[in-house]
Amino acid sequence: MKKILGVDLGTVRTGLAVSDLSGLLASPVGTLTQRDLDRLSEQVAQTAREQEAGEIVVGHPRNMDGTRGESARRAEEFAEKLRTLTGLPVSLWDERMTTVSAIGILNQTNTRGKKRKAVVDTVAATIILQDYLDYLRSHRTQEEATGE
């Protein structure tokens, strides 16, 4: 197996998470504060190298009706920059409702104020990556069951 880096791309803050080698668990890595997409892609590529990631998953913020807005196009451009910089496979993963889930988790843990702002993107990246890992695991299990 390989580690996978999860990215929740924001306009101000970008959250990062990484999987374990078995692909079972996503853990938070931290948040980058960078508005420039070129600089940010270089920072994320560096983090991928430091974490020894073999793949990157970028949250794809589609509209609730499935259409692509400006944020989705920005994520697509960012993913392409990462592919070029790292040579790694980079997937886009539907992140609809991820920030809402992250806020719910932070509400349950009573995380408020500046601390909440600092961690919401990292929690969102962890949720994006965990959803992707769960999908991969269930997909492999289905393939094994059907012999495909």
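For the structure, see preceding data.
Residues numbered from 1 in each chain as written. Predicted model: local features only at pLDDT ≥ 70, side-chain atom pairs only at ≥ 80, totals over all residues. Heavy atoms only, no water.

> So what about the environment of Lys 81? Which residues, and what values?
Note on placement: Lys 81 falls in helix H2 (residues 70-86). Separated by 39 residues in sequence, Lys 81 and Glu 42 place their C-alpha atoms 8.7 Å apart. (Helix = DSSP H or I, 4+ residues; strand = E, 2+ residues; numbered from the N terminus.)

> Provide a residue-level description of the pairing of strand E2 (residues 13-19), including the pertinent values.
Most of E2 sits out of view: six of its seven residues are buried. Counted between consecutive antiparallel strands, the loop separating strand E1 (residues 3-8) from E2 contains four residues. Looking at chain direction, E2 and strand E3 (residues 26-33) are connected through seven bridges and run antiparallel. Within E3, the position partnered with Thr 14 by the bridge is Leu 32. In textbook terms, the turn of a hairpin is the stretch between consecutive antiparallel strands, and for E2 and E3 this stretch comprises six residues, one of which, Gly 23, has a positive phi near 75°. (Buried < 20%, exposed > 50% of the residue type's maximum accessible area, 1.4 Å probe, protein only. Pairing = 2+ DSSP bridges.)

> Account for the pattern of salt bridges, with residues named and values stated.
Tallying each qualifying case throughout the model produces seven salt bridges. A salt bridge links Asp 121 to Arg 13, with the shortest nitrogen-to-oxygen separation between them at 3.0 Å. Of the two residues, Asp 121 is situated in helix H4 (residues 113-146) and Arg 13 in strand E2; the sequence distance between them amounts to 108 residues. In this structure, Arg 137 engages Asp 134 in a salt bridge whose closest nitrogen and oxygen atoms are separated by 2.6 Å. (Salt bridge = Lys/Arg side-chain N within 4 Å of Asp/Glu carboxyl O.)

> Quick rundown of the packing of aromatic side chains? Include the residues and the values.
Applying the stated criterion across every chain, the model contains two aromatic pairs. Ring plane angle 80° and centroid distance 5.2 Å describe the contact between Trp 93 and Tyr 132, whose orientation is recorded as edge-to-face. Of the two residues, Trp 93 sits in strand E5 (residues 90-94) while Tyr 132 sits in helix H4, which places them 39 residues apart along the sequence. Each member of the pair, Trp 93 as well as Tyr 132, is classed as buried. Their ring planes at 50° and their centres at 5.2 Å tell us that Trp 93 and Tyr 135 sit as a pair that is tilted. (Phe/Tyr/Trp six-rings, centres within 6.5 Å; stacked < 30°, edge-to-face > 60°.)

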